[in-house]
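Commentary on secondary and tertiary structure
So the chains spell out like this:
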Amino acid sequence: MGAGKSAVGALLAADLGVQLRDTDADVEAVAGRPVATVFAEDGEPAFRALERAAVVDALAEHPGVLALGGGSVLDADTRADLVALRSPVVLLTATWEHVAGRLGDTSTRPVLASGSAGAEARWREVMAAREKHYAEVADHVVPTDGRTARAVADVVLRLLSLH
Ligand SMILES: Nc1ncnc2c1ncn2[C@@H]1O[C@H](COP(=O)(O)OP(=O)(O)OP(=O)(O)O)[C@@H](O)[C@H]1O
Ligand SMILES: O=C(O)C1=C[C@@H](O)[C@@H](O)[C@H](O)C1
Ligand SMILES: [Mg+2]
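Residues numbered from 1 in each chain as written. Chains lettered and ligands numbered in written order. Predicted model: local features only at pLDDT ≥ 70, side-chain atom pairs only at ≥ 80, totals over all residues. Heavy atoms only, no water.

**A look at the UniProt feature "binding site: ATP" (unreviewed entry) in the chain**
Under the convention used in this document: UniProt positions are given in the numbering used here, feature names are shortened, and annotations may be inferred rather than shown by experiment. Under the DSSP-based scheme used, a helix requires at least four consecutive residues in state H or I and a strand at least two consecutive residues in state E, with every element numbered from the N terminus. In what follows, residue pairs with any heavy atoms lying within 4.5 Å of each other are defined as contacts.
With numbering matched to this structure, UniProt assigns "binding site: ATP" (unreviewed entry) to Gly 2, Ala 3, Gly 4, Lys 5, Ser 6, Ala 7, Arg 109 and Arg 147. What stands out for the annotated residues spanning 146 residues is how far apart their C-alpha atoms range, the widest pair being 23.7 Å apart. Here Gly 2 lies in the segment before α1 (5-16). When near neighbours in sequence (up to four residues on either side) are disregarded, Gly 2 contacts Val 99, Arg 102 and Leu 103. Checked against the element boundaries, Ala 7 lands in helix α1.

Laid out in structure tokens, this is it:
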């Protein structure tokens, strides 16, 4: 959420001359509605089922850079697919202090808007619960605090020996 997957992914795709695909956009295309509307109208389990299907299709079909929805690692089959994947999986991290300003209106983010806690408390709770899942699937972890998206992309290229 706001770590820079779309921004950094677009830079990487341009650098590498490949396409960027984003599972959130794929879900929105299939559902014909924004992610937040799918959450509101159909519920999170329905969204996660669409997300899982989007991940399966993208892993099978897409040869370029893939941005995965922030919660896609909640699915055990997706985690197993990512662990088995021959392509590198890069985790972009950020602390609340840096990510808060990138998130924009948090009331439009279904995962942060749910429950009675404020956005910061909810974000910390969600990230703490997911930490082990992200660690399981990531081949590389790139902190983004204090780095521009361009600088993050350059770190990723160096890590993957693609510069
Ligand atoms: N390293 C960075 N430093 C500052 N701003 C950034 C950085 N990376 C991305 N941004 C900006 O923060 C916002 C969120 O970035 P982006 O949409 O790439 O995140 P995301 O991980 O794709 O989030 P989402 O959960 O919405 O898919 C955008 O306005 C983007 O331009
Ligand atoms: O972290 C999450 O659970 C989410 C992240 C976004 O990419 C979207 O998939 C959706 O807003 C849920
Ligand atoms: Mg994005």
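From this point, the discussion proceeds with the structure in view.
**Considering the site of ligand 2**
Going by this rule: Near, as used in this document, describes a residue that has one of its heavy atoms within 4 Å of the molecule or strand being considered. Nitrogen and oxygen atoms within 3.5 Å of one another constitute a polar contact, given that in protein one can donate a hydrogen and the other can accept it, and given that sequence-neighbouring residues count only through two side-chain atoms. Under the convention used here, a 1.4 Å probe and the Shrake-Rupley method define accessible areas, while residue burial counts only the protein chains that appear. The residue classification treats Ala, Val, Leu, Ile, Met, Phe, Trp, Tyr, Cys and Pro as nonpolar and Asp, Glu, Lys and Arg as charged. All others, Gly included, are polar.
The environment of ligand 2 is formed by Met 1, Asp 24, Val 35, Phe 47, Arg 48, Glu 51, Gly 69, Gly 70, Gly 71, Pro 110, Val 111 and Arg 130. A distance of 2.8 Å separates an oxygen atom of ligand 2 from a polar atom in the side chain of Arg 48. The protein chains hide 93% of the 310 Å² of surface that ligand 2 would expose on its own. Elements with a contribution of two residues or more to the shell around ligand 2: α4 (44-61) and α7 (110-113). Among the elements that make up the shell around ligand 2, the one with the highest residue count is α4 (3 residues). Across the shell around ligand 2, the residue classes tally to 5 nonpolar, 3 polar and 4 charged.

**What about the nonpolar core?**
For clarity, the cut-off: Residues belong to one nonpolar core when they are buried, are Ala, Val, Leu, Ile, Met, Phe, Trp, Tyr or Cys, and are joined through side-chain atoms within 4.5 Å. Relative accessible area decides the class of each residue, using a 1.4 Å probe on protein chains only: under 20% of the type maximum gives buried, over 50% gives exposed, and in between gives partly exposed.
Counting 26 residues, the largest nonpolar core has Met 1, Phe 47, Leu 82, Val 99, Leu 103, Trp 123 and Met 127 as its most contacted members. Looking at this core, the elements that each hand over two or more residues are α2 (23-31), α3 (35-42), α4, α6 (96-103), α7 and α8 (119-137). Ranked by residues supplied to this core, first place goes to α8 with 5 residues. When neighbours within four sequence positions are excluded, Met 1 is seen to be in contact with Val 99, Leu 103, Arg 109, Val 111, Leu 112, Trp 123, Val 126, Met 127 and Arg 130. Within the second largest apolar cluster, 12 residues are counted, among which are Val 8, Leu 12, Leu 92 and Val 155.

**Description of helix α5 (residues 76-84)**
Heads up, the rule is: Working definition: the arc comes from the directions between the helix axis and the C-beta atoms, pointing outward to the latter.
Among the residues of α5, Thr 78, Arg 79 and Leu 82 are the ones counted as buried. Taken end-on, α5 shows its buried residues confined to a sector of 100 degrees, consistent with a single buried face. If you follow the buried residues of α5, they end up packed against α4 and α8. If you check the start of α5, you find a side-chain oxygen 2.8 Å away from the backbone N of Asp 77, and it comes from Asp 75.

**A few points about the site of ligand 1**
If you check the shell around ligand 1, you find Met 1, Gly 2, Ala 3, Gly 4, Lys 5, Ser 6, Ala 7, Arg 102, Arg 109, Arg 147, Thr 148 and Ala 149 and nothing else. For ligand 1, an oxygen atom lies 3.0 Å from a polar atom in the backbone of Gly 2. Within the backbone of Lys 5, a nitrogen or oxygen atom sits 2.9 Å from an oxygen atom of ligand 1. Here the shell around ligand 1 gets 3 residues from one element, more than from any other, and that element is α1.

**Describing the environment of Tyr 134**
Note on placement: Tyr 134 falls in helix α8. In sequence terms Tyr 134 and Thr 93 are 41 residues apart; their C-alpha atoms lie 9.9 Å from each other. Residues within four places of Tyr 134 in sequence aside, it is in contact with Gly 70, Val 73, Leu 91 and Met 127.

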